[in-house]
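Descriptive analysis of the structure
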Amino acid sequence: MSPTFETKRLHIGVLTGGGDCPGLNPAIRAVVRRAESGGHRVTGILDGWAGLADPAATLTRPLDRSEVRGIQARGGTVLGSSRTNLLKRDGGLDAAEASIARLGLDALVVIGGDDTLSVAAGLAKRGAAVVAVPKTMDNDVWGTEGCLGFDTAANIVTEALDRIQTTTSSHHRVAVVEVMGRDAGWVAAWGGLAGGADAILVPESPIDSVAIDRLVDLVTRRRSYATGASVIVVSEGVQLPEALLNLSGDVPRDEFGHPRLDKIAVGDAIAAILEERTGLEVRCTRLGHLQRGGPPSAADRVLGARYGVAAVEALETGRWGVMVALRAGAIVEVPLAEVGGKNRPLDASYLRVFDALA
Ligand code: F6P
């Protein structure tokens, strides 16, 4: 790959890595359409970094306008995805570079979260012309205020809470709703606030015995209110003392070292504590992958379109080694090397809103 592209017709590879989410397809479509109108051509790499590490380089698919027609309305990714960590595999980056050369790619658009982008940064450091697009329903990629997939997930949680609210109040119960988000509480905060949760527990605020006592008090106090019901949103990554968790054996991890949080089941643990301490009927619902499926929201489609166009524009003017990002409503570029190894926790101001509404 050459770093100077002015006036050159580029062969651009595009891949999606990490957990899928709504918004990936609108971004892929925008990359392809913008590339075509600039006279470039695009090859889709299948299954994220696994596709690029494949020695036969067969996990690819040429993409043109007709291939991406209508995909802005579809969830997931037409390219497939995986949590493959080339930085941990012997010769992983060498294999990717060999595939790039074999495929004759001039540049890569990498659509991913912090893990996928750490591999992209590794390749860029070795000279590859890479532009990154941030995605993850967790919304915690450092350097941007907007990740593809987050808006849709927050809407899905909101709608789920609207439904949980009615059944919970009919039965005067306590509902615990576990949502995704890994180390960040963005989905819990937005879904929980929009859905009228009575308490929102996020990883940014560790749960100790004082916090549990406050939760027990809140639920007990709400018994005397009109419906007697409470709805508690729990982010899957909240830190509970191990003694309160019902863990049997080691929790499996992915190639990036992240534990499978569905195996830890903090929602169930909190529901059990509340049931035991209050004597009330508590039900736990884990929204799981429902939060990542289905059509993208309008906001995710538009963000995907803006990111896809910006990524190709960055490449064709030789500004590679960057991530396109959202700051104060504008699309900007941030150096990819600065993105890795950090994440963007929930802003502390949200915790004050939770407290004010409790
Ligand atoms: O990173 C996005 C995410 O949806 C997290 O919120 C969640 O912990 C994880 O992926 C689930 O991953 P998987 O699809 O591998 O179960």
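Our structure is the block above this text.
Along each chain, numbering runs from 1 in the same order as the chain's sequence is written. Reporting of local features is limited, given that this is a predicted model, to residues whose pLDDT is at least 70; pairs of side-chain atoms are given and counted only at 80 or more, and all residues count toward the totals for whole chains, interfaces and linings. Excluded from the side-chain calculation are hydrogens and water; included are all heavy atoms of the structure.

Strands here mean DSSP runs of E at least two residues long; helices mean DSSP runs of H or I at least four residues long; both are numbered from the N terminus. The number of helices and strands found in the protein is 11 helices and 11 strands. Seen along its three principal axes, the alpha-carbon backbone of the protein occupies a region of about 70 × 40 × 30 Å. Evaluated residue by residue, the protein yields a buried proportion of 54% over its 358 residues. Here, two residues are considered to be in contact whenever any of their heavy atoms come within 4.5 Å of each other. Look at the contacts in the protein between residues 6 or more apart in sequence, and 76% of them connect residues 24 or more apart. Accessible areas in this description were obtained via Shrake-Rupley with a 1.4 Å probe; residue shielding takes into account the shown protein chains only. Summed over all atoms, the accessible surface of the protein reaches about 15,000 Å², with 51% contributed by carbon and sulfur. We call a residue buried when its accessible area falls under 20% of the maximum for its residue type, exposed when it is over 50%, and partly exposed in between, using a 1.4 Å probe and counting protein chains only.

Once that is clear, we can look at the site of the ligand. The immediate surroundings of the ligand are formed by Arg-83, Thr-136, Met-137, Asp-138, Met-180, Gly-181, Arg-182, Glu-236, His-289 and Arg-292. Two N or O atoms count as a polar contact when they lie within 3.5 Å, although within protein this holds only if one can serve as hydrogen donor and the other as acceptor, and sequence-adjacent residues are included solely when both atoms are side-chain atoms. In this structure, an oxygen atom belonging to the ligand sits 3.1 Å away from a main-chain N or O atom of Gly-181. In the environment of the ligand, an oxygen atom lies 3.0 Å from a nitrogen or oxygen atom belonging to the side chain of His-289. Protein chains bury 81% of the 400 Å² of accessible surface belonging to the ligand in isolation. Across the shell around the ligand, the residue classes tally to 2 nonpolar, 3 polar and 5 charged. The criterion for a residue being near a molecule or strand is simple. One of its heavy atoms has to lie within 4 Å of it. Just so you know the grouping, Ala, Val, Leu, Ile, Met, Phe, Trp, Tyr, Cys and Pro go in nonpolar, Asp, Glu, Lys and Arg go in charged, and all remaining residues, Gly too, go in polar.

All right, on to the packing of aromatic side chains then. Only centres within 6.5 Å qualify two rings of Phe, Tyr or Trp (six-membered ring in Trp) as a pair; their planes then separate them into stacked at under 30 degrees, edge-to-face at over 60, and tilted for everything else. Scanning all chains against the criterion turns up 2 aromatic pairs. Ring centres of Trp-186 and Tyr-350 lie 5.5 Å apart, and the angle between their planes is 80°; on these two criteria the pair is classed as edge-to-face. Of this pair, Trp-186 sits in helix α6 (residues 186-194) while Tyr-350 sits in helix α11 (residues 348-357); the two residues are 164 residues apart in sequence, bridging distant segments of the chain. We note that Trp-186, like Tyr-350, is buried. Placement of a positive charge over a ring is assigned whenever Lys NZ or Arg CZ falls within 6 Å of the ring centre and within 35 degrees of the normal to the ring plane. Sitting above the plane of the Trp-142 ring, Lys-342 keeps its charged end 3.8 Å from the centroid.

What follows concerns the packing of α6 against α11. Interaxial angles span 0 to 180 degrees and are taken between N-to-C directions of axes, which are lines fitted to C-alpha atoms, for helices over the stretch in contact. Direction vectors running N to C along α6 and α11 enclose 35°, while the axes themselves pass 11 Å from each other. Crossing angle aside, the handedness with which α6 passes α11 is left-handed. Where α6 abuts α11, its residues Trp-186, Ala-189, Trp-190 and Leu-193 lie against Tyr-350, Val-353, Phe-354 and Leu-357. Split by residue class, the contact of α6 with α11 holds 8 nonpolar, no polar and no charged. The sense of a crossing depends on the near helix, which, turned anticlockwise from the far helix by less than a right angle, makes the crossing left-handed and, turned clockwise, makes it right-handed.

Glancing now at helix α7 (residues 209-222). Since the α-helix advances by 3.6 residues per turn, residues separated by three or four positions end up pointing in the same direction. Here the expected length of a helix is defined as 1.5 Å per residue gap, with one fewer gap than residues. Here α7 is 14 residues long and its end C-alpha atoms lie 20 Å apart, about the 20 Å a rise of 1.5 Å per residue gives. Listing the buried residues of α7 in full gives Ile-212, Leu-215, Val-216, Leu-218, Val-219 and Arg-222. In an axial view of α7, the angular spread of the buried residues amounts to 160°, which keeps them on one side of the axis. Exposed residues lying more than 90 degrees from the buried face of α7 are Ser-209, Val-210 and Arg-214. Here the buried face of α7 lies against β6 (174-179), β7 (199-201), β8 (230-235) and α9 (266-278). The arc under discussion is defined with respect to the helix axis, by the directions toward the C-beta atoms.

Read from one edge of the open sheet, 4 strands run β7-β8-β6-β9, paired in parallel fashion. Every interior strand has two partners, whereas the edge strands, β7 and β9 (282-286), have only one. Going across the sheet, the axis of each strand differs from the next one's by a mean of 20°, ignoring polarity. We treat two strands as partners when DSSP finds at least two bridges between them. Where β7 meets β8, 3 bridges bridge the pair, whose relative direction is parallel. Residue Ile-200 lies in a different strand from β8, and its bridge partner there is Val-233. Helix-sheet contacts for α7 involve β6, β7 and β8, and the interaxial angle to β8 is about 155°.

Moving on to helix α5 (residues 150-170). The terminal C-alpha atoms of α5, which comprises 21 residues, lie 30 Å apart, in line with the 30 Å expected from a rise of 1.5 Å per residue. Listed in full, the buried residues belonging to α5 are Phe-150, Thr-152, Ala-153, Ala-154, Val-157, Thr-158, Ala-160, Leu-161, Ile-164 and Thr-168. Buried residues along α5 sit in contact with β6, α6, β8, β9 and α10 (298-316). Where α5 ends, the next residue or the one after it, His-172, has phi of about 50°, a positive value.

What follows covers the pairing of strand β11 (residues 330-335). Pairing between strand β10 (residues 322-327) and β11: 6 bridges, direction antiparallel. Bridge pairing in β11 places Val-322 opposite Pro-335. Hairpin geometry of β10 and β11 is characterised by an intervening segment of 2 residues between the two adjacent antiparallel strands and by a positive phi of about 50° at Ala-328.

General note: in soluble globular proteins, nonpolar side chains tend to be found buried as a group. By nonpolar core we mean a set of buried residues, namely Ala, Val, Leu, Ile, Met, Phe, Trp, Tyr and Cys, connected to one another through side-chain atoms within 4.5 Å. One finds Ile-12, Val-14, Ile-28, Val-109, Ile-111 and Val-133 to be the most contacted residues of the largest nonpolar core, which totals 33 residues. Elements that contribute at least two residues to this core include exactly β1 (11-16), α1 (24-37), β4 (107-112), β5 (130-134), α10 and β10. The biggest single contributor to this core is α10, with 7 residues. Excluding residues that lie within four positions of it along the chain, Val-109 makes contacts with Ile-12, Gly-13, Val-14, Leu-15, Val-31, Val-131, Val-133, Ala-311 and Leu-315.

Below, the discussion takes up the environment of Val-179. For Val-179, the location among the structural elements is in strand β6. Assessed through its relative accessible area of 1%, Val-179 is described here as buried. Between the C-alpha atom of Val-179 and that of Leu-287, which follows or precedes it by 108 residues, the distance is 5.8 Å. Filtering out sequence-adjacent residues up to four positions away, Val-179 remains in contact with Val-157, Val-187, Ala-188, Val-233, Val-234, Ser-235, Glu-236, Leu-287 and Gln-291.

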